[in-house]
Amino acid sequence: MSTTVEPASFRIAVMGAGGRMGRELVRAISARPGCTVAGGTERPGSPLIGEDVGFLAGVAPAGVTITDDPLALIARVDAILDFTSPAATVEFAGLAANARIVHIIGTTGLTAEHERAIAAAGRHAVIVQAGNMSLGVNLLVALTRQVAAALDADFDIEIVEMHHRHKVDAPSGTALMLGQAAALGREVDLSRVAVRVRDGHTGARKPGDIGFQSLRGGSVVGDHTVMFAGEGERIELTHIAQDRSIFARGAVKAALWGQGKKPGVYSMADVLGLTASNPKRQAGS
């Protein structure tokens, strides 16, 4: 008599599982068939250490507790979801590289030094990194690049974003994604044309500048608008996030997509099939 062997569940851990986004990630994993919440971390000394990860997120108990030992956790999972802090993300990237697992990075506020460390980890781990993991935002990024390429510098580009009062970095990672897309469309270096602050007597706007405005207040999940302002007309592309779960679902989708991929640092555009499935930073690059 033959028996059917059930496929092994994909084991995903959440770094920073006690935070708002961490709990959302746990809920998203729990709701996805074929996935198991395999654990979660919090900083040393957190009062959440020892709490059941699922119970804390408001879903069924997961049978695993929050730990402050990421090394032991990463050694027994298939993937980690990481929306923490730049320093923590770099640490987790090194551990994920040693374990040869999938590392999904939604952390923002990363410096060039952080990015270099993540690229080095991508020699051994499958990393999917994005300032925003929602389908709609990544389509907005693609459209922004296309429109920027079609319009010349007579159209001024301004990017306006608003988030909740607790967000600690500005501009948002998504705004920077959009700015980079606009710069790629214009075939310019964003670092040379970005204007992040205007105060006092600034003089006239320089042609070709890409401006950023960051608003903070209330409980706004995330609003982003890219404006192309010409003489007598304006084009606005807008995405409004109404629920943080869109980012969590995208992160889980990215983790599942990463199974079996070659090591490298990928983007959500790769996950969603908006580009060829080749890592943006591979070993040796």
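The text that follows walks through the structure, step by step, so that each part is easy to find. Keep in mind that this is a model prediction, so the values were computed, not measured. (Residues numbered from 1 in each chain as written. Predicted model: local features only at pLDDT ≥ 70, side-chain atom pairs only at ≥ 80, totals over all residues. Heavy atoms only, no water.)

1. Examining the overall build of the protein
Counting secondary structure elements, the protein contains 10 helices and 12 strands. Scaling as 2.2 N^0.38, a compact globule of 285 residues should have a C-alpha radius of gyration of about 19 Å, and the protein matches this with 20 Å. C-alpha atoms of the protein, sized along the principal axes, occupy 75 × 40 × 35 Å. Accessible surface computed for the protein: about 14200 Å², of which carbon and sulfur atoms make up 52%. Of the charged side chains in the protein, 28 are positive and 28 negative; the average position of the first set lies 4 Å away from that of the second. (Helix = DSSP H or I, 4+ residues; strand = E, 2+ residues; numbered from the N terminus. Rg over C-alpha atoms; globule rule 2.2 N^0.38 Å. Areas by Shrake-Rupley, 256 points an atom, 1.4 Å probe, with all protein chains shown as cover. Lys, Arg positive; Asp, Glu negative; His and termini not counted. Charge placed at Lys NZ, Arg CZ, Asp CG, Glu CD.)

2. Re the packing of aromatic side chains
The full count for this structure, using the stated rule, is one aromatic pair. Considering the side-chain rings of Trp257 and Tyr266, the 5.1 Å spacing of their centres and the 80° angle between planes classify their relative orientation as edge-to-face. For the pair Trp257 and Tyr266, a shared accessibility class is recorded, and that class is buried. (Phe/Tyr/Trp six-rings, centres within 6.5 Å; stacked < 30°, edge-to-face > 60°. Buried < 20%, exposed > 50% of the residue type's maximum accessible area, 1.4 Å probe, protein only.)

3. Considering the sheet that holds strand β5 (residues 102-105)
Reading across from one edge, β3-β2-β1-β4-β5-β6-β12 is the order of the seven strands in this open sheet, with parallel pairing throughout. Looking at which strands have only one partner, the edges of the open sheet turn out to be β3 (66-67) and β12 (264-266). Its contacts with the sheet put helix α4 (residues 86-99) on β1 (10-15), β2 (35-41), β4 (79-82) and β5, and the angle it makes with β5 is roughly 165°. (Pairing = 2+ DSSP bridges. Contact = heavy atoms within 4.5 Å. Axes fitted to C-alpha atoms, helices over the stretch in contact; angles between N-to-C directions.)

4. Looking at the side chain of His224
Considering the arrangement of structural elements, one finds His224 in strand β10 (residues 222-230). Discounting residues that sit within four places of it in the chain, His224 has contacts with Leu140, Val160, Glu161, His163, Ser172, Thr174, Ala175, Leu178, Leu237, Thr238 and His239.

5. What about a nonpolar patch on the surface?
On the surface, a cluster of nonpolar side chains totalling about 250 Å² of accessible area is made up of Leu135, Leu139 and Leu274. Looking at where Leu139 falls in the secondary structure, it is placed in helix α6 (residues 135-150). On the basis of relative accessibility, which here comes to 39%, the residue Leu139 falls in the partly exposed class. (Patch = residues over 30% accessible without salt bridge, like charges linked within 9 Å, V, L, I, M, F, W, Y side chains within 5 Å. Salt bridge = Lys/Arg side-chain N within 4 Å of Asp/Glu carboxyl O.)

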